[in-house]
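Below are the chains, spelled out letter by letter.
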Amino acid sequence: MNKTLLILKNEIYALVSRPSFWFGVLGVPAIAFAIYAVIYFINRSQTGEASPAAPVASLLSAPDDERPQGYVDLSGLIVATPPGFPAGTLIGYGGQSAADQAVSEGTIRAYYVVPAGYVESGQILYYSKEYNLIASQEQAQDLIWLLHYNLLGGDPQFFQTVNRPLALLESENLSPPEVQAQERDSDNELTFFIPYGVMMLFYVGILGSSGLLLNSVSKEKETRVLEVLMVSTGPRQRLLRKIAGLGRVGLFEVVVWAVSALALLRLSGQAFALPEGFQLPISILLWGIVFFVLGYLLYATLMAGVGALV
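My aim in this report is to walk through the structure given alongside it, one point at a time.

Criteria and cut-off values
Residues numbered from 1 in each chain as written. Predicted model: local features only at pLDDT ≥ 70, side-chain atom pairs only at ≥ 80, totals over all residues. Heavy atoms only, no water. Helix = DSSP H or I, 4+ residues; strand = E, 2+ residues; numbered from the N terminus. Buried < 20%, exposed > 50% of the residue type's maximum accessible area, 1.4 Å probe, protein only. Contact = heavy atoms within 4.5 Å. Areas by Shrake-Rupley, 256 points an atom, 1.4 Å probe, with all protein chains shown as cover. Expected span 1.5 Å × (residues − 1). Phe/Tyr/Trp six-rings, centres within 6.5 Å; stacked < 30°, edge-to-face > 60°. Core = buried A, V, L, I, M, F, W, Y, C linked by side-chain atoms within 4.5 Å. Pairing = 2+ DSSP bridges. Axes fitted to C-alpha atoms, helices over the stretch in contact; angles between N-to-C directions. Patch = residues over 30% accessible without salt bridge, like charges linked within 9 Å, V, L, I, M, F, W, Y side chains within 5 Å. Salt bridge = Lys/Arg side-chain N within 4 Å of Asp/Glu carboxyl O. Parallel < 35°, antiparallel > 145°, perpendicular 65-115°, else oblique. Left-handed = near helix turned anticlockwise from the far one by under 90°. Nonpolar A, V, L, I, M, F, W, Y, C, P; charged D, E, K, R; others polar.

### Quick notes on the overall build of the protein chain
And then number 1: In terms of helices and strands, the protein chain carries 13 helices and 4 strands.
And then number 2: Counting every position in the protein chain, which comprises 310 residues, the buried fraction comes to 30%.
And then number 3: Contacts in the protein chain between residues at least 24 apart in sequence constitute 67% of all its contacts with a sequence separation of at least 6.
And then number 4: Counting only carbon and sulfur atoms, one obtains 63% of the accessible surface of the protein chain, whose full area is about 19,600 Å².

Quick look at the structure:
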């Protein structure tokens, strides 16, 4: 029993005595709080007060280019525009020379060319001074709308049915009213980033702690220290104490991160008026401990096995 406790204490002390460990435990939350403080004060300086009118995402994003785009229809397909088509967002030109001149003068930011054999090939050419694949895909919606309308014969009703087959869909939320009040807005970016952030927190904690076990076992075998230690302790006993020791330290690290993340989320909710649905309950800490222990035991045993084979 004394040997078991000695192994456990040695594993814990070897890890907590490293400055890099404490930087990971305390430095990561400190950096997160520092970033929050910078964004908070920038928000206050721009709006005069902390207000949801200036969300965090808007402080980090560049303004969009509001200039329209153009198109050159060599196929003769585009003859009409659909009802409700936004005026001035897509300008037609008779040839590429006129479109090139408009781009050079800054009248439009880019233009599309619909070739003569578009119906057979489906190919469209895109011309821009600053090409961005993702941006060009997002900005092509107006042209897609225009092409769909003309490919469908210019029938407004048929066009609406094809493009919005569920336009008259009626949905009913069967959740209780108190649950509906806490539901998150699907269009809000935090609906994705909060679960993703929680997942990454436990992912890094589990893999980081189990990776330390792999490194510890491999290092002891490399330096031949393991052969000396096996004289006084059995392999099963030593491996179990290693898993338990590094697991406790990893659990401490994850709990510190989780508490810091919850505190930061609560502060963000007060400063930027986040809806109640984006606030995580305290019970997530308890469930987080359960999932960390189970996940760590799975990955740690795998890592220890790999380290023993190396």
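Here the narrative resumes, following the displayed structure.
### Remarks on helix 13 (residues 283-309)
And then number 1: The terminal C-alpha atoms of helix 13, which comprises 27 residues, lie 39 Å apart, in line with the 39 Å expected from a rise of 1.5 Å per residue.
And then number 2: Among all positions in helix 13, only G288, F292, G295, Y296, A300, A304 and G307 are buried.

### Here's the deal with the side chain of E253
And then number 1: Counting through the fold element by element, E253 comes out in helix 12 (residues 235-272).
And then number 2: A residue is classified by how much of its surface remains accessible, and E253, at 15% relative accessible area, is buried.

### Things to note about the packing of aromatic side chains
And then number 1: Scanning the entire structure with this criterion turns up 8 aromatic pairs.
And then number 2: In this structure an aromatic cluster arises from ring pairing among F85, W145, Y149 and F159.

### Structural notes on the nonpolar core
And then number 1: Grouped together as the largest cluster of nonpolar side chains are 18 residues, with contacts concentrated most on L213, F292 and Y296.
And then number 2: Going through the elements one at a time, helix 2 (19-47), helix 10 (190-222), helix 12 and helix 13 are the ones with two or more residues in this core.
And then number 3: With 6 residues, the top contributor of residues to this core is helix 12.
And then number 4: Contact partners of Y296, with chain neighbours within four places excluded, come to I206, S209, S210, K242, I243, L246, G247 and T301.
And then number 5: Within the second largest apolar cluster, 12 residues are counted, among which are Y71, L90, V114 and L146.

### Side note on the sheet that holds strand 2 (residues 90-93)
And then number 1: Strand order across the open sheet formed by 4 strands is 2-1-3-4, with mixed pairing between neighbours. The open sheet is flanked by strand 2 and strand 4 (125-128), the only strands paired with a single partner. Adjacent strand axes in the sheet meet at a mean angle of 25 degrees, parallel and antiparallel pairs treated alike.
And then number 2: Pairing analysis gives 4 bridges linking strand 1 (residues 69-73) to strand 3 (residues 110-114), with the strands arranged parallel. Counted as the bridge partner of Y71 is Y112 from strand 3.
And then number 3: On top of the sheet, helix 4 (residues 96-105) reaches strand 1, strand 2, strand 3 and strand 4; it is set at about 165 degrees to strand 3, its chief contact.

### Concerning the pairing of strand 3
And then number 1: Counted residue by residue, strand 3 has 5 buried out of 5 residues, so it is predominantly covered.
And then number 2: Side chains A110, Y112 and V114 of strand 3 all project onto a buried face; the interleaved residues Y111 and V113 project onto the opposite face, where all are buried too.
And then number 3: In this sheet, strand 4 lies alongside strand 3 in antiparallel orientation, the contact comprising 4 bridges. Paired with V113 across the bridge in strand 4 is L125.

### Considerations on a nonpolar patch on the surface
And then number 1: Together, F192, F193, Y196, M199, Y203 and V204 make up a nonpolar patch on the protein surface, roughly 630 Å² of accessible area in all.
And then number 2: On the secondary structure map, V204 appears in helix 10.
And then number 3: Judged by relative accessible area, V204 falls into the partly exposed class, the value being 41%.

### Some details on the environment of Y40
And then number 1: When you line up the elements, Y40 lands in helix 2.
And then number 2: Placed 228 residues apart in sequence, Y40 and S268 show a C-alpha to C-alpha distance of 8.6 Å.

### Observations concerning the packing of helix 7 (residues 141-151) against helix 8 (residues 156-163)
And then number 1: Their axes nearest at 9 Å, the elements helix 7 and helix 8 cross at an angle of 125 degrees. On the basis of their axis angle, the class for helix 7 and helix 8 is oblique. Remark: the crossing between helix 7 and helix 8 carries right-handed chirality. Across the interface between the two elements, W145, H148 and Y149 from helix 7 touch P156, F159 and N163 from helix 8.
And then number 2: In terms of residue class, the contact of helix 7 with helix 8 is made up of 4 nonpolar, 2 polar and no charged.

### What about the environment of Y149?
And then number 1: Relative to the helices and strands, Y149 resides in helix 7.
And then number 2: For Y149, a relative accessible area of 6% puts it in the buried group.
And then number 3: The spatial distance from the C-alpha of Y149 to the C-alpha of F159 is 5.9 Å, given a sequence separation of 10 residues.
And then number 4: Not counting the four nearest positions on each side in its chain, Y149 is found in contact with A80, T81, P82, P83, G154, D155, P156 and F159.

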